[in-house]
Amino acid sequence: MWCMCLARKIAGRRIVLNSSYLFYIRKMTTSERLSRLETRAITAEELIKTLKYEVAEVKKLSAQENNKARIKELETENEQLKKEIEDWKNKLIKLEIASGIKQVPLPSKNAASLPQSEDKSVKMSSAVKDEPKPLVSNETNQQEGTKVDKKKKEKPSEGKKAKSGGGGSSGGDATTEPPVDVGRLDFRVGRIVSAKKHPDADSLYVEDVDVGEGKTRTVVSGLVKFVPLEEMQGRVVVLLCNLKPVKMRGVTSEAMVMCASTPEKVEILLPPAGSVPGDEVHVEGYPRMPDPVLNPKKKIFETVAPDLKTNSEKVATYKGTALSVPGKGVVTAPSLVGVNIK
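What you are looking at is a predicted structure, and each value in this text was computed from that prediction instead of being measured. (Residues numbered from 1 in each chain as written. Predicted model: local features only at pLDDT ≥ 70, side-chain atom pairs only at ≥ 80, totals over all residues. Heavy atoms only, no water.)

Asker: For this particular structure, what's the right way to read empty space enclosed by the protein?
Answerer: To find leftover empty space, a probe the size of one water molecule is rolled over the atoms. Under the counting rule described, the total for this entry stands at 1 cavity of 30 Å³ or more. Its volume calculated, the largest cavity comes out at about 60 Å³. Lining the largest cavity, in full, are Val 182, Gly 183, Leu 185, Phe 187, Val 281, His 282, Val 283, Tyr 286 and Arg 288. Each residue belonging to the lining of the largest cavity can be placed in one class, and the counts come to 6 nonpolar, 2 polar and 1 charged. (1 Å grid on protein atoms, 1.4 Å probe; cavity = no way out; pocket = protein on both sides within 12 Å on 5 of 7 lines; lining within 4 Å. Points joined across faces, edges and corners; volume = space filled by probe spheres on them. Nonpolar A, V, L, I, M, F, W, Y, C, P; charged D, E, K, R; others polar.)

Below, the structure is given as structure tokens:
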């Protein structure tokens with residue numbers, strides 16, 4: 001019995017010791033966890049600070065990149081605006097020249113500011129001119145008057161020499177010729193009133209065409225092989241009206257019917273629906289300033305013609321820009337694309 005009681009006491013003490021030891025171990029592990037959590041929290045705060053700093057730097061860099069891109073966009077826009085301004089200046093000059101307005105070159109900066117010595121000399125010369133002339137007798141006045149009359153009579157002949165001549169510098173009355181482009185061509189809508197075969201040429205038609213002038217024009221066209229005669233009657237066409245009239249087998253042709261053309265096929269261009277005789281054909285970007293009559297020696301039409309073509313949509317164009325009747329539409333070909341217009 002005694003032994004059993006001793007054994008029970010020892011077992012009880014062991015249980016107490018084990019429980020206290022477990023409590024101590026648990027206490028130690030919680031403190032270690034807390035310390036670990038604290039260190040991790042500190043590390044996390046430092047990482048957050050670092051990340052915030054890096055994010056701010058990234059935002060600054062992105063803002064700088066956006067600013068650079070915007071600056072480039074503004075520079076390109078400025079260049080485009082400069083080009084547009086120059087284009088509008090050129091158009092204005094063309095219109096002024098066409099209206100007969102003289103173009104006076106602007107003075108340079110060097111000419112604008114004269115030196116003082118030159119300024120004084122100018123003032124002295126003007127002062128000399130403004131001095132009153134001494135009185136003279138009637139006889140001398142009459143003599144001077146006759147001299148002036150002689151000079152006036154002689155001036156026209158001198159002017160003729162200057163115009164025709166080779167030496168002296170001409171005045172600033174000569175206007176510069178506008179550039180050679182489609183604006184020099186007088187394209188207009190016309191309606192073929194009647195058409196018949198040329199009496200002396202099997203390949204030519206002779207047409208009477210209304211172009212809104214109150215009378216018809218005679219036009220000779222080499223379209224017999226490509227367009228039946230019945231399709232020519234009453235047809236609305238595009239005409240080049242400022243060609244120099246020329247005789248073709250004895251008949252004077254006063255215009256040219258514009259066609260999309262290949263060696264195998266020729267199609268008459270179609271004005272937009274609603275077009276009437278006399279409607280003008282324009283090309284955007286090229287002010288319409290047609291010559292009264294094209295000078296054959298200058299070969300204006302021959303220079304412009306290679307850039308007159310139909311595009312992939314059968315639209316007649318000049319350098320890629322459509323020929324159009326304002327407010328009505330564009331000029332087209334029935335089927336031919338990417339071919340020359342003649």
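Okay, back to it.
Asker: Whenever I open this one, the pairing of strand S1 (residues 187–197) confuses me. Can you help?
Answerer: Side chains on a regular strand alternate between the two faces of the sheet. Summarising the sheet, S1 and strand S4 (residues 236–240) pair through 5 bridges and their orientation is antiparallel. Note that in S4 the partner of Gly 190 across the bridge is Val 237. In terms of strand pairing, S1 meets strand S2 (residues 205–210) through 6 bridges, oriented antiparallel. Across the sheet, Lys 197 pairs through a bridge with Tyr 205, a residue of S2. (Pairing = 2+ DSSP bridges. Helix = DSSP H or I, 4+ residues; strand = E, 2+ residues; numbered from the N terminus.)

Asker: Explain the side chain of Asp 291 to me, please; I cannot follow it from the model alone.
Answerer: Residue placement: Asp 291 occurs in the loop between strand S10 (282–283) and helix H6 (300–304). A polar contact of 2.7 Å, which involves the side chain of Asp 291, links it to the side chain of Arg 184. Those residues in contact with Asp 291 that lie beyond four places of it in its chain are Arg 184, Asn 242 and Ile 300. (Polar contact = N/O pair within 3.5 Å; in protein donor to acceptor, adjacent residues only side chain to side chain. Contact = heavy atoms within 4.5 Å.)

Asker: Please clarify how the nonpolar core should be interpreted in this entry.
Answerer: Leu 185, Phe 187, Leu 308 and Leu 323 are the most contacted members of the largest nonpolar core, which totals 26 residues. Where this core is concerned, the elements lending two or more residues are S1, S4, H6, strand S12 (316–318) and strand S13 (321–325). A per-element tally of this core places H6 first, with 3 residues. Grouped together as the second largest cluster of nonpolar side chains are 18 residues, Val 209, Val 237, Cys 241 and Ala 255 included. (Core = buried A, V, L, I, M, F, W, Y, C linked by side-chain atoms within 4.5 Å. Buried < 20%, exposed > 50% of the residue type's maximum accessible area, 1.4 Å probe, protein only.)

Asker: Looking at this model, I keep getting lost on the packing of aromatic side chains. Mind explaining?
Answerer: The description of an aromatic ring pair rests on the distance of the ring centres and on the angle between the ring planes. The full count for this structure, using the stated rule, is 1 aromatic pair. Ring centres 5.0 Å apart and planes at 80° place the aromatic pair Tyr 286 and Tyr 318 in the edge-to-face group. With Tyr 286 in the loop between S10 and H6 and Tyr 318 in strand S12, this residue pair connects regions lying 32 residues apart in the sequence. Here Tyr 286 falls in the partly exposed class, since its relative accessible area comes to 22%. Above the face of the Trp 88 ring, Lys 91 is positioned so that its terminal group lies 4.2 Å from the ring centre. (Phe/Tyr/Trp six-rings, centres within 6.5 Å; stacked < 30°, edge-to-face > 60°. Lys NZ or Arg CZ within 6 Å of the ring centre and 35° of its normal.)

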